[in-house]
Amino acid sequence: MSLLAASYPDSTWVREGARASKPLRREARFKMGAEYPAGNYPCSVAIGLLDNDPIPDLAVADYGSNSVSVLLGNGDGTFRDPSSTPAGFLPYVVAVGDWNQDGRADLAVATEGSGSVTTLLGEGDGTFGSRRDLDAGGGAYSVSAGDLDRDGFVDLVAANLNLNQVTVLLSRGDGSFRPGVSYPTAHAPRSAAIADLDLDGTPDLVVACFNSNAISVLLGQGDGTFGRKRDYPSGASPYSVQVGLLDEDSWPDVAVSNLSSSSVTVFLGTGRGLLDRKRDTHTGKQPYGLALADLNGDGWADLATSDLGTSTVSIALSKGKGDFQGSVQLPTGKNPQSIAVGDLNRDGLPDLVTANTGSNTVTVFLNRASSSLQ
């Protein structure tokens, strides 16, 4: 089995050789990246339906502009010029959700400068108002959204980098949140993922802890509270963590990008929230962001990272059973720090977008995956 890359004038191909048991060859094919302007030093990008149409849009946390840029989609994978909304001091990570149950997309922004989480309620037309600054335990470095207590409202969890904890903010469903409750993690948590690791119907937390070279797992109790952490060693300087199905069983698995070792570590779920580490997959230099998606339509989740040090996206196609091909790099704007995955042109294929801190842009990669008999 081989992984090949070939460049053409208007597209880039990432090819996985056929499995021995199947004559079908699958390809992850992306158009060359298209760049769009954002604000100053964009650190994070999220995909959501930010106005009244069903077309995916982009929200970008502009660290150097103290704002969020909104790029409304045209429906074909292209985007309009950005509009800007103030978002607190040094906004670092942006998340999309509906905080007040009005059917309109809202934003939550981890503002590193103030250490809080700022929420912005959507007007339904791609603009945002009614700003609130939430006490998220201090030093909020990132924010993630999900229903943590199973009441139908979208809650927030902030990673408190310098306090070695995560803080949970449970939603009241009207745009306000209950006071935060904090839980210890390993040292220097950078990001958190929400998923039901033990399949008990209760969301759990997985946290990438930069200075500990580890991830922390906190199992949910069903009411928005969490048990004591359990740590698993990762590569050097873990940064972004995601949860998905990476092998043939039904247990959720975990992947984390490792900044200093330029790799992704995969942990396979073994039941009851326990994890078993697999070998690492190498990426471009300094993979800040990580996304999981079936990029070539073979039924297996693949890896994509945003590599700040090489200004690339690394794509590693799955071989199944938690193993991955060697990665192939696609050029982005300068110094991509975040990556998001979604169907940007509504063709049924997962596309990629990066936020590029060095060029003040986002880069959009439209998926052109196809299959052919060999």
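Parameters at a glance
Residues numbered from 1 in each chain as written. Predicted model: local features only at pLDDT ≥ 70, side-chain atom pairs only at ≥ 80, totals over all residues. Heavy atoms only, no water. Helix = DSSP H or I, 4+ residues; strand = E, 2+ residues; numbered from the N terminus. Rg over C-alpha atoms; globule rule 2.2 N^0.38 Å. Buried < 20%, exposed > 50% of the residue type's maximum accessible area, 1.4 Å probe, protein only. Contact = heavy atoms within 4.5 Å. Areas by Shrake-Rupley, 256 points an atom, 1.4 Å probe, with all protein chains shown as cover. Core = buried A, V, L, I, M, F, W, Y, C linked by side-chain atoms within 4.5 Å. Lys, Arg positive; Asp, Glu negative; His and termini not counted. Salt bridge = Lys/Arg side-chain N within 4 Å of Asp/Glu carboxyl O. Polar contact = N/O pair within 3.5 Å; in protein donor to acceptor, adjacent residues only side chain to side chain. Pairing = 2+ DSSP bridges. Phe/Tyr/Trp six-rings, centres within 6.5 Å; stacked < 30°, edge-to-face > 60°. Lys NZ or Arg CZ within 6 Å of the ring centre and 35° of its normal. Axes fitted to C-alpha atoms, helices over the stretch in contact; angles between N-to-C directions. pLDDT = per-residue confidence, 0-100.

Examining the overall build of the protein chain
And then number 1: Of the regular secondary structure elements, the protein chain holds 0 helices and 35 strands.
And then number 2: Compactness check: the protein chain gives a C-alpha radius of gyration of 19 Å against a globular reference of 21 Å for 374 residues, within 12% of the reference.
And then number 3: Seen through its principal axes, the protein chain has C-alpha atoms that stretch 60 × 45 × 35 Å.
And then number 4: A burial count over the protein chain gives 60% of its 374 residues as buried.
And then number 5: In the protein chain, the proportion of contacts linking residues at least 24 apart, taken out of those at least 6 apart, comes to 44%.
And then number 6: Accessible surface computed for the protein chain: about 13,800 Å², of which carbon and sulfur atoms make up 48%.

Thoughts on the nonpolar core
And then number 1: In terms of nonpolar packing, the biggest core is built from 26 residues, with Tyr92, Val117, Val143, Leu156 and Tyr239 touching the most fellow members.
And then number 2: Looking at this core, the elements with two or more residues in it are β9 (91–97), β10 (106–111), β11 (116–122), β13 (140–146) and β14 (155–160).
And then number 3: Leave out the neighbours within four places in its chain, and Val117 touches Ala108, Val109, Ala110, Thr111, Arg132, Asp133, Leu134, Ala136, Ala140, Val143, Leu156 and Ala158.

Observations concerning the side chain of Arg190
And then number 1: Summarising the element assignment, Arg190 is placed in strand β17 (residues 189–195).
And then number 2: Buried charged residue Arg190 carries no salt bridge. Nearest counter-charge: Glu112, at 6.4 Å.
And then number 3: Looking at Arg190, its side chain comes within polar contact range of the side chain of Tyr141, at 2.5 Å.
And then number 4: If we ignore the near neighbours within four places in the chain, the residues touching Arg190 are Tyr141, Ser142, Ala159, Leu161, Ala208, Phe210, Pro238 and Tyr239.

Describing the pattern of salt bridges
Between side chains of opposite charge, a pair can form as their charged atoms come close.
And then number 1: For the structure on display, the rule yields 6 salt bridges.
And then number 2: A salt bridge links Arg277 to Asp280, with the shortest nitrogen-to-oxygen separation between them at 3.1 Å.
And then number 3: For the salt bridge of Asp347 with Arg368, the shortest nitrogen-to-oxygen distance reads 3.9 Å. Within this pair, whereas Asp347 is found in the loop between β32 (336–342) and β33 (351–356), its partner Arg368 is found in the loop between β34 (361–365) and β35 (370–373), the two being separated by 21 residues in sequence.
And then number 4: Connected through salt bridges with shared partners, the residues Lys278, Arg279 and Asp323 form a single ionic network.

Considerations on the pairing of strand β27 (residues 302–307)
And then number 1: With respect to burial, β27 is a largely interior element, 6 of its 6 residues being buried.
And then number 2: Strand direction decides the pairing type here: strand β26 (residues 287–293) and β27, joined by 6 bridges, are antiparallel. Residue pairing in the sheet places Ala291 in a bridge with Ala304 of β27.
And then number 3: In this structure, β27 lies alongside strand β28 (residues 312–316), joined through 5 bridges in antiparallel fashion. Counted as the bridge partner of Ser306 is Val313 from β28.

Some remarks on the packing of aromatic side chains
We describe a pair of aromatic rings using the distance from one ring centre to the other and the angle between the two ring planes.
And then number 1: A full pass over the atoms with the stated rule returns 10 aromatic pairs.
And then number 2: Ring centres of Tyr63 and Tyr92 lie 5.7 Å apart, and the angle between their planes is 80 degrees; on these two criteria the pair is classed as edge-to-face. Of this pair, Tyr63 sits in the loop between β6 (57–62) and β7 (67–71) while Tyr92 is found in strand β9, placing the two residues 29 residues apart along the sequence. Here the two residues Tyr63 and Tyr92 agree in accessibility, since each one is buried.
And then number 3: An aromatic cluster of three or more residues is present, and its members are Tyr41, Tyr63, Tyr92, Tyr141, Phe210, Tyr239 and Tyr288.
And then number 4: Stacked on the ring of Phe210, the Lys or Arg Arg190 has its end atom at 4.0 Å from the ring centre.

Some remarks on the sheet that holds β27
And then number 1: Pairing is antiparallel in the open sheet, where 4 strands are placed in the order β26-β27-β28-β31. Both outer strands of the open sheet, β26 and β31 (328–331), are each paired with one neighbouring strand and no more. Put simply, the sheet's adjacent strands are angled 25 degrees from each other on average, direction ignored.

Remarks on the environment of Ala158
And then number 1: For Ala158, the location among the structural elements is in strand β14.
And then number 2: Sequence separation of Ala158 and Asp125 is 33 residues, and the distance between their C-alpha atoms is 27 Å.

Describing unusual backbone geometry
And then number 1: In the Ramachandran plot, Asn213 falls in the positive-phi region, its phi being about 50 degrees despite a non-glycine side chain.
And then number 2: Along the polypeptide, Asn213 turns up in the loop between β18 (204–209) and β19 (214–218).
And then number 3: With a relative accessible area of 33%, Asn213 lands in the partly exposed category.
And then number 4: A positive phi angle is found at Lys321, which is not glycine, with a value near 60 degrees.
And then number 5: Overall, Lys321 belongs to the exposed group, its relative accessible area being 56%.

Some remarks on the confidence of the model for the protein chain
And then number 1: Taken as a whole, the protein chain shows an average pLDDT of 92; of its residues, 92% reach a score of 70 or greater.
And then number 2: This stretch, residues 1–13, has a pLDDT under 50; its non-local contacts, to residues over four places away or in other chains, come to 41 contacts.

Describing the side chain of Asp98
And then number 1: Relative to the helices and strands, Asp98 is located in the loop between β9 and β10.
And then number 2: Despite its burial, Asp98 remains without a salt bridge, the nearest opposite charge being carried by Arg104 at 8.4 Å.
And then number 3: A distance of 3.0 Å separates the side chain of Asp98 from the backbone nitrogen of Gln101, its partner in a polar contact.
And then number 4: In this structure the side chain of Asp98 is engaged in a polar contact, spanning 2.9 Å, whose partner is the backbone nitrogen of Gly103.
And then number 5: When neighbours within four sequence positions are excluded, Asp98 is seen to be in contact with Gly103, Arg104, Asp106 and Val154.

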